[in-house]
Amino acid sequence: SMFALTKRLKEAIGLTNKLDQKRFPKVLTRIIQKLGDAKVKKIFSADEESQLAEILQLKESELDMVLSLSRYIFEQAAYHTASPKSLFTNLTSAGMDKSPAEAFSTVWQTSRGALLKKLQKITLGTPNVLQNTDWQFQLNMESSEISKQKNLRALLNLHVSPAGEADTEQTVCLELDREGLAEFYSKLETIQKQLDALTSK
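The rules behind each value
Residues numbered from 1 in each chain as written. Predicted model: local features only at pLDDT ≥ 70, side-chain atom pairs only at ≥ 80, totals over all residues. Heavy atoms only, no water. Helix = DSSP H or I, 4+ residues; strand = E, 2+ residues; numbered from the N terminus. Buried < 20%, exposed > 50% of the residue type's maximum accessible area, 1.4 Å probe, protein only. Contact = heavy atoms within 4.5 Å. Areas by Shrake-Rupley, 256 points an atom, 1.4 Å probe, with all protein chains shown as cover. Polar contact = N/O pair within 3.5 Å; in protein donor to acceptor, adjacent residues only side chain to side chain. Patch = residues over 30% accessible without salt bridge, like charges linked within 9 Å, V, L, I, M, F, W, Y side chains within 5 Å. Salt bridge = Lys/Arg side-chain N within 4 Å of Asp/Glu carboxyl O. Core = buried A, V, L, I, M, F, W, Y, C linked by side-chain atoms within 4.5 Å. Axes fitted to C-alpha atoms, helices over the stretch in contact; angles between N-to-C directions. Left-handed = near helix turned anticlockwise from the far one by under 90°. Nonpolar A, V, L, I, M, F, W, Y, C, P; charged D, E, K, R; others polar. Arc of directions from axis to C-beta.

### Examining the overall build of the protein chain
Looking only at helices and strands, the protein chain has seven helices and three strands in total. Mapped in sequence order, the helices and strands of the protein chain form the string α-α-α-α-α-α-β-β-β-α. In the protein chain, which comprises 201 residues, the proportion classed as buried is 30%. Looking at the protein chain alone, contacts between residues at least 24 apart form 60% of all its contacts between residues at least 6 apart. Accessible surface computed for the protein chain: about 13,900 Å², of which carbon and sulfur atoms make up 51%.

### Side note on the side chain of Ser105
Note on placement: Ser105 falls in helix 6 (residues 98–121). Polar contacts involving the side chain of Ser105 include one to the main-chain carbonyl oxygen of Pro84, which spans 2.9 Å. Those residues in contact with Ser105 that lie beyond four places of it in its chain are Pro84, Lys85, Leu87 and Phe88.

### A look at unusual backbone geometry
In this structure, Gln57 is a non-glycine residue whose phi angle is positive, near 60 degrees. On the secondary structure map, Gln57 appears in the loop between helix 3 (46–56) and helix 4 (60–79). Its identity is not glycine, yet Thr81 carries a phi of approximately 45 degrees, on the positive side. Mapped onto the elements of the fold, Thr81 is located in the loop between helix 4 and helix 5 (84–93).

### Thoughts on a nonpolar patch on the surface
A contiguous nonpolar surface patch, about 510 Å² in accessible area, is contributed by Trp135, Phe137, Leu139 and Leu152. Mapping Trp135 onto the fold places it in strand 1 (residues 128–143).

### Some remarks on the nonpolar core
Counting residues in each nonpolar core, the largest one holds 40 residues, and the members touching the most others are Phe74, Leu87 and Phe104. Put simply, the parts of the chain that give this core at least two residues each are helix 1 (7–17), helix 2 (24–34), helix 3, helix 4, helix 5 and helix 6. Sort the elements by how many residues they give to this core and helix 4 lands first, with nine residues. Discounting residues that sit within four places of it in the chain, Phe74 has contacts with Leu28, Ile31, Ile32, Leu35, Phe104, Val107, Trp108 and Leu115.

### So, the pattern of salt bridges
In the structure shown here, the tally under the stated rule is seven salt bridges. A salt bridge links Lys42 to Glu49; the shortest N-O distance between them is 3.3 Å. By relative accessible area, which is 21% here, Glu49 ends up partly exposed. Of the charged contacts, one joins Glu183 and Lys187 as a salt bridge, the two residues approaching to 3.4 Å between their closest N and O atoms. Taken together, the residues Glu183 and Lys187, both in helix 7 (residues 178–199) and four residues apart, mark about one turn of the helix. In this structure Glu183 comes out as partly exposed when scored by relative accessible area, which is 44%.

### Comments concerning the packing of helix 4 against helix 6
Direction vectors running N to C along helix 4 and helix 6 enclose 65 degrees, while the axes themselves pass 10 Å from each other. The way helix 4 lies across helix 6 gives a crossing that is right-handed. Residue-level contacts link Ser70, Ile73, Phe74, Ala77 and Ala78 of helix 4 to Phe104, Val107, Trp108, Leu115, Leu116 and Leu119 of helix 6. Tallied by class, residues from the contact of helix 4 with helix 6 come to 10 nonpolar, one polar and no charged.

### Looking at helix 2
Looking at helix 2, one finds that the buried residues are Phe24, Val27, Leu28, Ile31 and Ile32. Down the axis of helix 2, the buried side of the element spans an arc of 125 degrees, and every buried residue falls inside it. Buried residues along helix 2 sit in contact with helix 1, helix 3, helix 4 and helix 6. Gly36 sits one or two residues past helix 2 and shows a positive phi near 80 degrees.

This is the structure in structure tokens:
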């Protein structure tokens, strides 16, 4: 599933199902237009939130849950580079009614291109840059009177340096067993697919 089905998420979906679905798409459009903009700290001002709460007939805490849910849904859709159909399917599977799920799917279809382009331009300060890698294997023998066990581990060294400062290299060492190495590789594969999706024309 694209979403972690926590108690709070289910509660927020329940609130979303009860909203006036004629007004809700406009709220979603405003949210997705503001996502990915580093200058925007809050999507709605305090006055706008008060008006929204009245229009949607929600308490302030309930509105906060609905807005947080909406933002989370679009962020997850971007992270997974989901299609509108996939987003709709994941939302209905999570318990969302057809009408609000269609609203999310329609807004996502219209605005996902612009959001993904904005996310491409986001930089995280001055990140470290990978300069080189090397690895070795370490075999530990654990013996006892009862049994003998071989414990093979991989030592992966990542040589990194701050962007533009290749002469200040430092090494990050990762020690991984077979299971950890497989999981690490799987995550790298996922990252590669998402990068391909974000940079494809």
